[in-house]
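Architecture and fold: a report
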Amino acid sequence: MEIKDNELLRQFEIITPTGLVAIEYSIQERKLFLTKFCANTNEDEELHNEFIINVLGIAEERKLKVVPTHAKFISFFRKNRRYRELLPPGIMI
C-alpha cells in the first residue's frame, strides 16, 4: 500500500479503485491528532483498517504519540489493543 503524506492539506492519502481515501491530521507537541476519515461508504472495511495500521506505523517511525479524535479511530483502538502504546499518557479508550 502506497501512502502519500500530503503535508499541504495535512492528510495521508491512498488511491483505491473507487477513489481517494484520506486521513486528516494535525501535529502538535509531538502528538499526531487523527481528526477525520474521508472515504466512500461502500469500500472494504479491511482496506480501511490496513490504511489505519500503516498510518500508525508512520507515527511510530516518527516517534509521535497518536490522539484519535474521530469515532472510526476510537473504535479501531478499542478493537486493536496492541496499538494502545501509541496513545499518550492519560488517554484512556
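Relevant structure appears above.
From a predicted model like this one, the values you see are computed outputs, not experimental measurements.

1. Things to note about the pairing of strand β4 (residues 31–38)
Sheet topology places strand β3 (residues 19–28) next to β4; seven bridges connect them, and they run antiparallel. Bridge pairing in β4 places Ser-26 opposite Phe-33. In sequence, β3 turns back onto β4 through a hairpin of two residues, with Glu-29 there showing a positive phi of about 50°. With four bridges joining them, β4 and strand β5 (residues 65–68) adopt parallel strand pairing. Residue pairing for β5: Phe-33 is matched across the bridge by Val-67.

2. Digging into the pattern of salt bridges
In the structure shown here, the tally under the stated rule is two salt bridges. Asp-5 is the partner of Arg-62 in a salt bridge, and the nearest nitrogen-oxygen pair spans 2.9 Å. In this pair, Arg-62 sits in the loop between α1 (45–61) and β5 while Asp-5 sits in strand β1 (residues 4–6), placing the two residues 57 residues apart along the sequence. With a relative accessible area of 36%, Arg-62 lands in the partly exposed category.

3. Topic: the sheet that holds strand β2 (residues 11–16)
Pairing is mixed in the open sheet, where five strands are placed in the order β1-β2-β3-β4-β5. Strands with a single pairing partner mark the edges of an open sheet, and in this sheet they are β1 and β5. Neighbour-to-neighbour, the strand axes of the sheet open up by a mean angle of 30°, direction not taken into account. Contacts from α1 reach β2, β3, β4 and β5, with the element oriented near 145° to β2. Lying on the sheet, helix α2 (residues 71–79) is in contact with β3, β4 and β5; it crosses β4 at an angle near 115°.

4. Quick notes on the pairing of β3
Looking at chain direction, β2 and β3 are connected through six bridges and run antiparallel. Across the sheet, the residue bridging to Thr-16 is Gly-19, located in β3. Linkage of β2 to β3, two consecutive antiparallel strands, is achieved through a turn of two residues.

5. A closer look at the packing of aromatic side chains
Across all of its chains, the model carries five aromatic pairs by this definition. Considering the side-chain rings of Phe-76 and Phe-77, the 6.2 Å spacing of their centres and the 90° angle between planes classify their relative orientation as edge-to-face. Taking the centre distance of 5.6 Å and the plane angle of 35° together, the rings of Phe-76 and Tyr-83 count as tilted. Among the residues examined, Phe-76 registers a relative accessible area of 3% and is labelled buried. An aromatic cluster is defined as three or more aromatic residues linked by ring pairs; in this entry it consists of Phe-37, Phe-51 and Phe-73.

Thresholds applied
- Residues numbered from 1 in each chain as written.
- Predicted model: local features only at pLDDT ≥ 70, side-chain atom pairs only at ≥ 80, totals over all residues.
- Heavy atoms only, no water.
- Pairing = 2+ DSSP bridges.
- Helix = DSSP H or I, 4+ residues; strand = E, 2+ residues; numbered from the N terminus.
- Salt bridge = Lys/Arg side-chain N within 4 Å of Asp/Glu carboxyl O.
- Buried < 20%, exposed > 50% of the residue type's maximum accessible area, 1.4 Å probe, protein only.
- Axes fitted to C-alpha atoms, helices over the stretch in contact; angles between N-to-C directions.
- Contact = heavy atoms within 4.5 Å.
- Phe/Tyr/Trp six-rings, centres within 6.5 Å; stacked < 30°, edge-to-face > 60°.

So, to be careful, I would describe these as geometric facts and stop short of saying anything about function.
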